Amino acid sequence: MRRRTLALATASGAALLAAAALPATAQPGAPRALPAAPGAGLQEGSVSAADLLAKLKGCSQLSNGKYRTDEETAATVPVCGKNGAVFWKADMDVDCDGQTTSKCNADTDPWYQDDTAFRQSNGKPLNAEKLPYVVVPSSSGIWNYASAGIKGGGVVAVIYNNQVEYAVVGDTGPDKIIGEASYAAAKGLGINPDPENGGADSGVTYVLFKNSKASPIESHADAVSRGDALAKKFLQDN
């Protein structure tokens, strides 16, 4: 069982807390993905997971090197480019950072931070318990998300277990690790959202649409509406 480490970037994307990092530990038998009930798979918008994945075979690598999925793993995940989007295939660690809620707080998450790199329209941190958002690696020599047309509030299609969920770019993480999304994003896909023991070890595809932005960032409905239109265009252009 993989656990998140303390090698997290601060919500403002500042220096990593590497000096305080806790080593990832294995926990055999701990909970992981929660299977969705039969017929209850998530399908946001009209574009299927199969149609999106069919366009994501192979990889035109954009990143200068590859990312780890966790502190203790080898670097095996590249950031890939397509017309109108970038994507990667990784795991999903659960991010509970942002507003303090009953599910996301210092008691439920040993690595909890009460801020996010990108904020709501009212200036408050995002709400990881309620809003599906994705974490991008902090800019580094491996890859600079901003230079690739990815920004805070950008629309993301998250694909898992033949399901499609739309999210926004909501936070930044370690500059050498990839594969993380909010409590709400995990829960929506039937993945155990516990920030300490939850997540998915593999099988998650993240498609980030270039130069897109949900408005306001905290509106999941807007992300779904824009995401569906962007996904249709993505199929046409690739």
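Residues numbered from 1 in each chain as written. Predicted model: local features only at pLDDT ≥ 70, side-chain atom pairs only at ≥ 80, totals over all residues. Heavy atoms only, no water.

Chemist: Explain the pairing of strand E3 (residues 85–95) to me, using residue names and the numbers behind them.
Modeler: Of all 11 residues in E3, 10 are buried; the element is thus mostly enclosed. Across three bridges, the pairing between strand E2 (residues 80–82) and E3 is antiparallel. Paired with Gly81 across the strands is Val86, a residue of E3. Linking E2 back to E3 in an antiparallel pair, the connection comprises two residues, with Gly84 at a positive phi of about 85 degrees. Sheet analysis places E3 next to strand E8 (residues 200–209), joined by seven bridges and oriented antiparallel. Considered in E8, the bridge of Met92 is made with Ala200. Bridge count for E3 against strand E7 (residues 180–182) is three bridges, and the pairing is parallel. Residue pairing for E7: Val94 is matched across the bridge by Ala181. (Buried < 20%, exposed > 50% of the residue type's maximum accessible area, 1.4 Å probe, protein only. Helix = DSSP H or I, 4+ residues; strand = E, 2+ residues; numbered from the N terminus. Pairing = 2+ DSSP bridges.)

Chemist: Report on the pattern of salt bridges, specifying residues and quantitative values.
Modeler: All chains considered together, the criterion is met by five salt bridges. Among the salt bridges present, the one from Lys232 reaches Asp228, with a minimum N-O distance of 3.5 Å. Residue Lys232 and its partner Asp228 are both found in helix H3 (residues 220–237); the two are separated by four residues, about one turn of the helix. Residue Asp228 is classed as buried on the basis of its relative accessible area of 14%. (Salt bridge = Lys/Arg side-chain N within 4 Å of Asp/Glu carboxyl O.)

Chemist: Residue-level account of the packing of aromatic side chains, with values.
Modeler: Applying the stated criterion to the full structure yields three aromatic pairs. Members of the aromatic cluster, joined through ring pairs, are Trp88, Trp143 and Tyr206. (Phe/Tyr/Trp six-rings, centres within 6.5 Å; stacked < 30°, edge-to-face > 60°.)

Chemist: Which residues make up the pairing of strand E6 (residues 163–173), and what are the values?
Modeler: The buried fraction of E6 is high, at 11 of 11 residues. Examined bridge by bridge, strand E5 (residues 155–160) and E6 share six bridges and lie antiparallel to one another. Considered in E6, the bridge of Ala157 is made with Tyr166. With antiparallel pairing between neighbouring strands as the criterion, E5 and E6 make up a hairpin whose turn holds two residues, including Asn161 at a positive phi of roughly 55 degrees.

Chemist: Pulling in residues and values, what's your account of the environment of Lys176?
Modeler: Tracing the backbone shows Lys176 in the loop between E6 and E7. A relative accessible area of 49% places Lys176 in the partly exposed class. Sequence separation between Lys176 and Trp143 is 33 residues, and the spatial gap between their C-alpha atoms is 9.4 Å. Not counting chain neighbours up to four residues away, the residues in contact with Lys176 comprise Tyr67, Arg68 and Ile142. (Contact = heavy atoms within 4.5 Å.)

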